[in-house]
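# Results of the structural survey
In case you want the letters, here they are:
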Amino acid sequence: MRIGVIADTHSKMRPEALEALQGSDVILHAGDVGRDDVLEALENIAPVVAIRGNIDKTGRAADLPDVLELDFLGHAFYMLHDVKTLDLDPRDRYRVVIAGHSHKPRNEWIDGVLYFNPGGAGPRRFTLPITVGRLEVTADDVVGDIIDLAV
């Protein structure tokens, strides 16, 4: 199963991000969506599961949940916007923690948990890259990949 992961679009849906997410079975948006047309563009590729970020105060994004618990092929996922607000120990409970907010890509295993941040796909923040992510999920494993967008 291929999961596309995007965050921090801030109302800017880049064509390069849409191209990188092609072929996804599902797309996860880790918050700071912005305008409704961001979700609509992603939904043209695959089903979208999204959470609300700190800027999401209007439109469809305002009604999104703050956190989600998901399951893909027997792997438990926990998705929130800012990993610094994680108020539980994911070990032995979740295989993957997905977050956005920082715009800093992260693909790091700690104590059997994959901490995954696709980075920012919208407006550039400081000198950080513009990125999205991909998770390849099988019954046995989860493998993350950060995709740098040529913008």
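Our structure's up above, just so we're on the same page.
Residues numbered from 1 in each chain as written. Predicted model: local features only at pLDDT ≥ 70, side-chain atom pairs only at ≥ 80, totals over all residues. Heavy atoms only, no water.

In this section: the side chain of D56. Note that D56 resides in the loop between β3 (48-50) and β4 (67-72). No salt bridge is formed by the buried D56. Its closest oppositely charged neighbour is R52, at 6.8 Å. Side-chain polar atoms of D56 contact the backbone nitrogen of D32, separated by 2.9 Å. Polar contacts involving the side chain of D56 include one to the main-chain amide nitrogen of G53, which spans 2.7 Å. Sequence-distant contacts of D56, that is, excluding residues within four places in its chain, are made with G31, D32, V33, G34, I51, A61 and A62. (Helix = DSSP H or I, 4+ residues; strand = E, 2+ residues; numbered from the N terminus. Buried < 20%, exposed > 50% of the residue type's maximum accessible area, 1.4 Å probe, protein only. Lys, Arg positive; Asp, Glu negative; His and termini not counted. Salt bridge = Lys/Arg side-chain N within 4 Å of Asp/Glu carboxyl O. Polar contact = N/O pair within 3.5 Å; in protein donor to acceptor, adjacent residues only side chain to side chain. Contact = heavy atoms within 4.5 Å.)

Tallied over the full model, the rule gives 2 aromatic pairs. Here F72 and F77 contribute two aromatic rings whose centre-to-centre distance is 5.0 Å and whose plane-to-plane angle is 85 degrees, an arrangement assigned as edge-to-face. Both residues of the pair, F72 and F77, count as buried. Pairing Y78 with Y94 gives two aromatic rings, centres 5.1 Å apart and planes at 50 degrees, and the pair type is tilted. Here Y78 is found in strand β5 (residues 75-80), whereas its partner Y94 is found in the loop between β5 and β6 (96-98), with 16 residues between them in sequence. Assigned by exposure class, Y78 and Y94 land together as buried. (Phe/Tyr/Trp six-rings, centres within 6.5 Å; stacked < 30°, edge-to-face > 60°.)

Bringing unusual backbone geometry into the picture now. One non-glycine residue, S11, lies in positive phi territory at about 75 degrees. In this structure, S11 sits in the loop between β1 (2-6) and α1 (15-21). Of the residues examined, S11 reaches a relative accessible area of 19% and is grouped as buried. In this structure, H101 takes a positive phi of about 75 degrees despite not being glycine. Here H101 is to be found in the loop between β6 and β7 (106-110).

Attention shifts here to the nonpolar core. Formed by 22 residues in total, the largest nonpolar core has its most connected members in I6, M13, I27, L42, V132 and L149. For this core, the secondary structure elements donating two or more residues are α1, α2 (36-43) and β3. Discounting residues that sit within four places of it in the chain, I6 has contacts with M13, A17, L21, I27, L28, H29, A30, L42, P118, A121 and V132. (Core = buried A, V, L, I, M, F, W, Y, C linked by side-chain atoms within 4.5 Å.)

For the rest of this paragraph, the subject is the sheet that holds strand β8 (residues 113-117). The strands making up a sheet associate through backbone hydrogen bonding, with each pair oriented either parallel or antiparallel. Ordered in space as β4-β5-β6-β8-β7, the 5 strands form an open sheet in which the pairing is mixed. In this open sheet, the two edge strands, each paired with only one partner strand, are β4 and β7. Taken over all neighbouring pairs, the strand axes of this sheet differ in orientation by 20 degrees on average, direction set aside. Pairing of β4 with β5 involves 6 bridges; the strand directions are antiparallel. Each bridged residue has a counterpart across the sheet, and for D71 the counterpart in β5 is A76. (Pairing = 2+ DSSP bridges. Axes fitted to C-alpha atoms, helices over the stretch in contact; angles between N-to-C directions.)

For β5, the tally of buried residues reaches 5 of 6 residues, placing the bulk of the element in the interior. What sits between the antiparallel neighbours β4 and β5 is a turn of 2 residues, in which L73 has the positive phi angle 55 degrees. Here β5 runs beside β6; their pairing, made up of 3 bridges, is parallel. Residue pairing in the sheet places F77 in a bridge with V96 of β6.

The quantities given are spatial measurements derived from coordinates; they are silent on function.
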